[in-house]
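Spelled out from the first residue to the last, the chains are:
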Amino acid sequence: MSTQTASKVPEGKPADWVPAGDLQEVVDPEWLMHEAPRTTEFITGSEAAREAIRRCNVDVAISYPITPQSETMQQAGYLYDEGHIKEYYRAEEEIGTMSAIAGASRAGVRSLTATSGPGLMRGLEAISSWPGARTPVVLLNMCRVINTPLAIQPDNIEISFLLNTGMLHAHGENQQDFYDYTLAAFMVSEEVDVTLPATVSVDGFFVTHARGHVSMTDPKYKLPPRDGWRSAVPAMDNENPPARISRDAPIQKSNFISYHMHASWQQEVFAAVRRSAKYWRKYLGDLIEVVNPGAKEMIIASGAAVSQARECVRQSEEKGIEVGLIKVKTIRPFPEEEILNAVQGAERIYVPEFNQAGWLHKEVCSTLYGKCKADIIAGPRVYGGMTMPTELLLDWMAEGRKDNPSYTF
Amino acid sequence: MSLANLTPSPGFHKWLPVEYRDLVEHGPYFRDKKPKVSDMGKFKEIVEEHPMCAGCAMTLFIRLVFIGLPTPEHTVIVGTAGCGRLAISQGSIPFIYGNYGDTNATASGLKRGLEVRFPNQHKDVVVMAGDGGLIDIGFQHLMHGWFRQEKFTTILLDNEVYGNTGGQESGMTRQGQILKMAPRGKKTGKIDALGLAKVSKVDYVARIAPTNPARVARTVRRAVLVAREVGSSYIQAYTSCNIEYAIPTPDVMKDAFDVEKDRYGFEEIISDRAKEFLAEVEKKDKAKK
Ligand SMILES: Cc1ncc(C[n+]2csc(CCOP(=O)(O)OP(=O)(O)O)c2C)c(N)n1
Ligand code: SF4
């Protein structure tokens, strides 16, 4: 049979076209993330994502539009056209997108997609099977209200649906995090003893459509490519000796062996989530950031709520009140030890969130239950697209200092 | 996969199960002359034992598909929930078993990923799934894969029923048929999937019943080669469900012949570009002989 030629010039490009990605230099990821010189630009979160993707050496990206995500995957389309991404298409909808990107990952190539609220929900059956299939994929998630009533506003309730899937999950505070976490996510997810998909969430609009300062490395550098031969399970490439029971075969007979197989497979997925912590630390420093350690009043937050909490800390300080802040960078693995250590000495802990379910509050409660004497206050929370005024947080904290506090908003 | 990958080192050879040694020594991989249907019984097949119902026509068909694959050592099969995967997963070819109905989306990403990763080695991707899996739950992905002209083969194992969940009607069930969830008989007709393939400009479309094994193998080979070089390909195969349609096991082949004669005759719909390509390939094949 005929063989394909290695590098075909795509239709519409001149014969001497060179993919922009081929002109980039592969560098050590730690050097890229910690030491390489950076310059700062004032850009939107979607643009920060684009700049991260440019440096991520992505093989296959599959897109489907949904506000507020669309902007990012459109930008990924331009990166494909420039030759930074090798393969790209707009899929039919999100189950198609999420199934196809898993197919790409199974081929052993670096795979990227993105979505928001309702799109995430539509793709969830596929997404929730990625960890069990041990498919490293990076999913950028720009949080948005889940219908109904219909809205496109920021609200991060959809994160709660991903918590128990076995996915890695980082939640960025701002444009800078979106850039840094995306680079880290590819590297962590493809580590052999991890081999799991990773979500990088940011709160829609607040981060995606607003500008912030983002310090970035020279675009001439990129991450090393995914090595399809290096993973916890073999790629589905037919490059391994044949076996009659393939990795994806259903072991679904109703007997004890099959139950054990499935149970141990699940245990291993969740163990891999924990193992990933060391790699996240390598790239992001710690899994949490602590402001004013040892303070009696602490705020624990992730995503955009961190920015509001920072302002609350600053304004409290002006009034001579010390408030501490724990920024949770990774939701999975959840930094239990770190949080536990950081709240020693706290009397009251506030968990402000951009969703009504209070998933972070529940995480914090189950982490600290029986191990910390502080009151863990469920809020304040805003949702449905509301912003979180700093005054709301300040009011709640003032209330907390009373004998019989009653929190309302 | 290379032959070296497959071959055990001499020290290990005798400790490997005879099953594996047979696959290496007498399997269909890396053969100048690939074993044919007429060689059945004289070589190690990709699938042999399986837990499907005795006499199920689908299993015969799946066996023949494996024989028809032009390059089994560089093929990946994508399947889904349904009876077929019980046998397909016992085949010695990597098999992706995802969520119900996700096959053609998965195959789209897989095929493109394999092309990026192995620019100098063809990797054939073949979807094999039931009528429920492809025409009902996976319909959108089937159609859009065709619209995008994805270069993989889809084989529909059409038993005209949801076999694996115990006999419910599917989009491919015929009008009037009484089945579970169709207590008064199916209200509407069988979906014209071949017609849809045609209007979607699928490059190679075939309808077939497992009555002529050599023809099944040849059809599969054609479909896979077209997907490799030209565009999408689709085979719709009548593979009766003897359990849910109460066909006595000894009569399964008689039923296949009857249905073939009545409404499932062999038919190919081939685009001009695929015709040209196949003529070229088959001319070379003849010259080799
Ligand atoms: C999302 C989802 N919905 C439903 C099912 C249940 N299910 C498993 S197999 C099957 C029917 C299979 O029928 P078909 O695809 O025609 O294949 P057959 O068993 O007849 O070969 C169904 C409905 C499932 N596994 N997943
Ligand atoms: S239920 Fe029907 S299609 Fe499924 S294995 Fe049995 S006979 Fe075959």
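Chemist: How should I be thinking about the overall build of chain B in this particular structure?
Modeler: Within chain B, the secondary structure is distributed over 12 helices and 7 strands. Its C-alpha atoms give chain B a radius of gyration of 19 Å, within 12% of the compact-globule value 19 Å for 289 residues. Referenced to the eigenvectors of the C-alpha coordinate spread, the extents of chain B come out at roughly 65 × 40 × 35 Å. Within chain B, buried positions represent 57% of all 289 residues. Here the analysis covers contacts within chain B between residues at least 6 apart in sequence; of these, 66% occur between residues at least 24 apart. As presented, chain B carries roughly 12,100 Å² of accessible surface, and 55% of it is formed by carbon and sulfur atoms.

Chemist: Is there a simple way to think about the domain arrangement of chain A in this case?
Modeler: Many structure descriptions define interface size as the accessible area lost when the parts assemble. Residue and element names in this part refer to chain A. One can read the domain layout of chain A as domain 1 (20-222) and domain 2 (288-400). The centre of domain 1, based on its C-alpha atoms, is set 26 Å off from the matching centre of domain 2. Counting residues at the interface gives 21 residues for domain 1 and 23 residues for domain 2. Both sides of the domain 1 and domain 2 interface together cover about 1,800 Å² of buried area, and 56% of this is carbon and sulfur. Of all residues in domain 1, Leu-163, His-171 and Glu-173 bury the most surface against domain 2, accounting for 36% of the area lost on that side. Linking domain 1 with domain 2 are 3 salt bridges. Across the pair Lys-327 and Glu-173 runs a salt bridge, and its minimum N-O distance is 2.9 Å. Between the two partners, domain 1 and domain 2, sit 15 residue pairs in polar contact (both at pLDDT 80 or more). Residue assignment for the side of domain 1 that touches domain 2 shows that the elements contributing at least two residues are helix H7 (158-162), strand E7 (168-171) and helix H8 (175-189).

Chemist: What exactly am I supposed to notice about the site of ligand 2 here?
Modeler: What surrounds ligand 2 is the set Met-52, Cys-53, Cys-56, Cys-83, Asn-159, Cys-241, Asn-242 and Ile-243 of chain B. Here the shell around ligand 2 is built from residues that sort into 6 nonpolar, 2 polar and no charged.

Chemist: What is the right way to read the interface of chain A and chain B from this model?
Modeler: Between chain A and chain B, the contact holds 48 residues from the first and 57 residues from the second. A buried area of about 4,200 Å², summed over both sides, lies between chain A and chain B, and 53% of it is on carbon and sulfur atoms. For the pair chain A and chain B, the number of links is 4 salt bridges. Glu-87 of chain A serves as the salt-bridge partner of Arg-112 of chain B, at 3.3 Å between the closest nitrogen and oxygen.

Chemist: Got a minute to help me understand the packing of helix H9 (residues 256-275) of chain A against helix H10 (residues 277-284) of chain A in this structure?
Modeler: Between two packed helices, what matters for the description is the angle formed by their axes and the separation of those axes. All names here are of chain A. Where H9 meets H10, the axes come as close as 5 Å, and the angle between the chain directions of the two elements is 25 degrees. Of the possible angle classes, the one that applies to H9 and H10 is roughly parallel. In this structure, H9 uses Val-273, Arg-274 and Arg-275 to contact H10, whose residues at the interface are Ala-277, Lys-278 and Tyr-279. Among the residues forming the contact of H9 with H10, the class breakdown is 3 nonpolar, no polar and 3 charged.

Chemist: Just to check I follow, could you spell out a positive patch on the surface for this structure?
Modeler: Together, Lys-33, Lys-36, Lys-42, Lys-286 and Lys-289 of chain B line one region of the surface with positive charge. One can find Lys-36 of chain B in the loop between helix H3 (18-26) and helix H4 (57-68).

Chemist: Sorry, what's going on with the nonpolar core here?
Modeler: A general feature of soluble globular proteins is that nonpolar side chains tend to end up buried together. Residue and element names in this part refer to chain A. Of all hydrophobic cores here, the largest spans 52 residues; its most connected members are Val-58, Leu-112, Leu-140, Leu-168, Leu-223 and Trp-280. Sort the elements by how many residues they give to this core and H8 lands first, with 9 residues. Aside from chain neighbours lying at most four places away, what touches Leu-168 is Val-188, Ser-189, Val-194, Leu-196, Pro-197, Ala-198, Thr-199, Val-273, Ser-276, Trp-280 and Arg-332.

Chemist: Would you explain the packing of aromatic side chains in this entry?
Modeler: Per the counting criterion, the structure on display carries 9 aromatic pairs over all chains. With 5.3 Å between their ring centres and 55 degrees between their planes, Phe-206 of chain A and Phe-354 of chain A make a pair best called tilted. Of the two residues, Phe-206 of chain A is situated in the loop between strand E8 (198-203) and strand E9 (211-217) and Phe-354 of chain A in the loop between strand E15 (348-350) and helix H13 (359-368); the sequence distance between them amounts to 148 residues. Owing to a relative accessible area of 4%, Phe-354 of chain A belongs among the buried residues under this scheme. One aromatic cluster in this structure is built from Tyr-350, Trp-396 and Tyr-407 of chain A. If you follow Arg-117 of chain B out to its NZ or CZ, it ends over the ring of Trp-229 of chain A, 4.6 Å from the centre. Over the ring of Phe-118 of chain B we find Lys-123 of chain B; its NZ or CZ atom is 4.6 Å from the centre of that ring.

Chemist: Even after reading the chapter, I still don't get the pairing of strand E12 (residues 297-301) of chain A, so can you show me in this structure?
Modeler: For a regular strand, the rule is simple: side chains alternate between the two faces of the sheet. All names here are of chain A. Most of E12 is tucked away: 5 of the 5 residues are buried. Bridge analysis of E12 against strand E13 (residues 323-328) gives 5 bridges, and the strand direction is parallel. For Ala-301, the partnering residue across the bridge sits in E13 and is Lys-327. Chirality of the crossover, the property in question, places the unit of E12, helix H11 (residues 304-318) and E13 among those that are right-handed. As paired elements, E12 and E15 share 3 bridges and run parallel to each other. Looking at the pairing, Ile-299 lines up with Tyr-350 of E15.

Chemist: I tried to follow the side chain of Ser-276 of chain A on my own but got confused; where do I start?
Modeler: Residues and elements named next belong to chain A. Here Ser-276 lies in the loop between H9 and H10. Here Ser-276 falls in the buried class, since its relative accessible area comes to 0%. Setting aside chain neighbours within four positions, we find Ser-276 in contact with Leu-168, Val-188, Val-194 and Pro-333.

Chemist: Whenever I open this one, the sheet that holds strand E16 (residues 375-377) of chain A confuses me. Can you help?
Modeler: Whether parallel or antiparallel, the strands of a sheet pair through hydrogen bonds between backbone atoms. Residues and elements named next belong to chain A. Strand order in the open sheet formed by 5 strands is E11-E13-E12-E15-E16, and the pairing between neighbours is mixed. Single-partner strands in this sheet number two, and they are strand E11 (288-291) and E16. When strand polarity is set aside, the average angle formed by the axes of neighbouring strands in this sheet is 20 degrees. In the packing of H13 onto the sheet, contacts are made with E12, E15 and E16, and the angle to E16 comes to roughly 165 degrees.

Reading the values: rules and limits
Residues numbered from 1 in each chain as written. Chains lettered and ligands numbered in written order. Predicted model: local features only at pLDDT ≥ 70, side-chain atom pairs only at ≥ 80, totals over all residues. Heavy atoms only, no water. Helix = DSSP H or I, 4+ residues; strand = E, 2+ residues; numbered from the N terminus. Rg over C-alpha atoms; globule rule 2.2 N^0.38 Å. Buried < 20%, exposed > 50% of the residue type's maximum accessible area, 1.4 Å probe, protein only. Contact = heavy atoms within 4.5 Å. Areas by Shrake-Rupley, 256 points an atom, 1.4 Å probe, with all protein chains shown as cover. Domains from an automatic or database assignment. Buried area = accessible area lost by both parts, 1.4 Å probe. Salt bridge = Lys/Arg side-chain N within 4 Å of Asp/Glu carboxyl O. Polar contact = N/O pair within 3.5 Å; in protein donor to acceptor, adjacent residues only side chain to side chain. Near = heavy atom within 4 Å. Nonpolar A, V, L, I, M, F, W, Y, C, P; charged D, E, K, R; others polar. Axes fitted to C-alpha atoms, helices over the stretch in contact; angles between N-to-C directions. Parallel < 35°, antiparallel > 145°, perpendicular 65-115°, else oblique. Patch = residues over 30% accessible without salt bridge, like charges linked within 9 Å, V, L, I, M, F, W, Y side chains within 5 Å. Lys, Arg positive; Asp, Glu negative; His and termini not counted. Charge placed at Lys NZ, Arg CZ, Asp CG, Glu CD. Core = buried A, V, L, I, M, F, W, Y, C linked by side-chain atoms within 4.5 Å. Phe/Tyr/Trp six-rings, centres within 6.5 Å; stacked < 30°, edge-to-face > 60°. Lys NZ or Arg CZ within 6 Å of the ring centre and 35° of its normal. Pairing = 2+ DSSP bridges. Right-handed = clockwise from strand over helix to strand, strands pointing away.

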